Amino acid sequence: MLFDFLQKQGAPQELAELIVELGRAVEEISGTIIHESTGKAGTKNSFGEEQIAMDVEADKIMARYLSTNPYVAAYCSEEMDAIGKGTPGGIYSVFHDPIDGSSLFDVNFAVGTIIGIYEGAEVLGRTPREQVAALYAVYGPRTTLMVSVGQGVHEFLLTAEGWELQEEALEMKGDKKYFAPGNLRATAERPDYLELVNWYIKEKYTLRYSGGMVPDVNHMFKKGSGVFIYPGMPSAPEGKLRILYECGPMAYLMEQAGGASSNGEVSILDVKITGLTQRSPIYLGTPEEVKRVESFLKQ
Ligand code: FDP
């Protein structure tokens, strides 16, 4: 089902096969999440952040699929210190966050996996616009997969029979007033962000913020409306979210659905990738909402 759909979307056979494999990895992560301990792993990732057991476990599952896939030339994740080598002759590089929203795992909120795929083994000096596909999985009461190979954004549901198409060609065209203000602490350092948040309150926007980028942005895709913001602040100008593992794939999907992405100046898809650990402020949503954030956040 997933393979045929991707081929109909124009994905080359190798890419479609790779995404089907990633779908299997997601299925395995989904099964593991249900039984995995919610505790800490006692280790830190390349960003110095404490890892939970599921970060380590999901990263291992992804590495097992990626290191043996004949189409993968290179891969890396938020949890890895260096690029992993794939198979000689591989054609794609894959960047992923195996569990996004780790801090929500122990309280049993939804978490996700985010994946961006590029052609070639080298990604530095390029831009997220060069991704040939992006996907994310949401592990909520159900497991869903949002995928794009450059022909719109489509949602699949994990069923007992495998991935079933749930919704085709999602579009960010609605005008419902949803806002998801990440890094709200920044309002203490940024009067412009405080002003924006107050504007949303005054205009009777509905808050939809769980603290997990994947479910929070997924809410916007499913409603076709809204805006997700994770700005920088003087003490952390680039914010927290990473270009390769989080911002790039989510921006690719957002723009594929007719939405917009921004780092405050340009589309996230046009930011030059200078390092594996590069971070960026990010705004995602309908074009109108992203424009509004850009006009408020000028600092
Ligand atoms: P987490 O640290 O729990 O993995 O990727 C980082 C992230 O989650 C995003 O999913 C989420 O949007 C963001 O952090 C929330 O950060 P704040 O608590 O700083 O708002």
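Residues numbered from 1 in each chain as written. Predicted model: local features only at pLDDT ≥ 70, side-chain atom pairs only at ≥ 80, totals over all residues. Heavy atoms only, no water.

### Side note on the packing of helix 5 (residues 213-223) against helix 6 (residues 243-256)
And then number 1: Orientation of helix 5 relative to helix 6, taken along the N-to-C sense of each, is 10 degrees, at an axis distance of 12 Å. Relative to helix 6, helix 5 is oriented roughly parallel. Contacts between helix 5 and helix 6 pair M213, V214, V217, M220 and F221 from the former with E246, M250, L253 and M254 from the latter.
And then number 2: Tallied by class, residues from the contact of helix 5 with helix 6 come to eight nonpolar, no polar and one charged. (Axes fitted to C-alpha atoms, helices over the stretch in contact; angles between N-to-C directions. Helix = DSSP H or I, 4+ residues; strand = E, 2+ residues; numbered from the N terminus. Parallel < 35°, antiparallel > 145°, perpendicular 65-115°, else oblique. Contact = heavy atoms within 4.5 Å. Nonpolar A, V, L, I, M, F, W, Y, C, P; charged D, E, K, R; others polar.)

### Quick notes on the site of the ligand
And then number 1: Around the ligand lies a shell of 15 residues, among which D100, S103, R185, Y230 and E246 are the nearest.
And then number 2: The contact in question runs from an oxygen atom of the ligand to an N or O atom on the side chain of Y209, over 2.8 Å.
And then number 3: Across the shell around the ligand, the residue classes break down as five nonpolar, six polar and four charged.
And then number 4: Both domains that furnish three or more residues to the shell around the ligand are identified here as domain 1 (2-167) and domain 2 (178-296). (Near = heavy atom within 4 Å. Polar contact = N/O pair within 3.5 Å; in protein donor to acceptor, adjacent residues only side chain to side chain. Domains from an automatic or database assignment.)

### As for helix 6
And then number 1: Burial within helix 6 is extensive, with twelve of its 14 residues counted as buried.
And then number 2: Within helix 6 the residues assigned to the buried category are I243, L244, Y245, E246, C247, G248, P249, M250, A251, Y252, L253 and M254.
And then number 3: Note on helix 6: the residue one or two positions beyond its end, G258, has a positive phi of about 85 degrees. (Buried < 20%, exposed > 50% of the residue type's maximum accessible area, 1.4 Å probe, protein only.)

### A word on helix 7 (residues 287-296)
And then number 1: Those residues of helix 7 that sit buried are E289, V290 and V293. For helix 7, the angular spread of the buried residues around the axis is 100 degrees, confining them to a single face. Structural note: helix 7 exposes E288 and K291 on the side pointing more than 90 degrees away from its buried face.
And then number 2: Packed against the buried residues of helix 7 are helix 4 (191-202), strand 13 (227-230), strand 14 (260-262) and strand 15 (282-285). (Arc of directions from axis to C-beta.)

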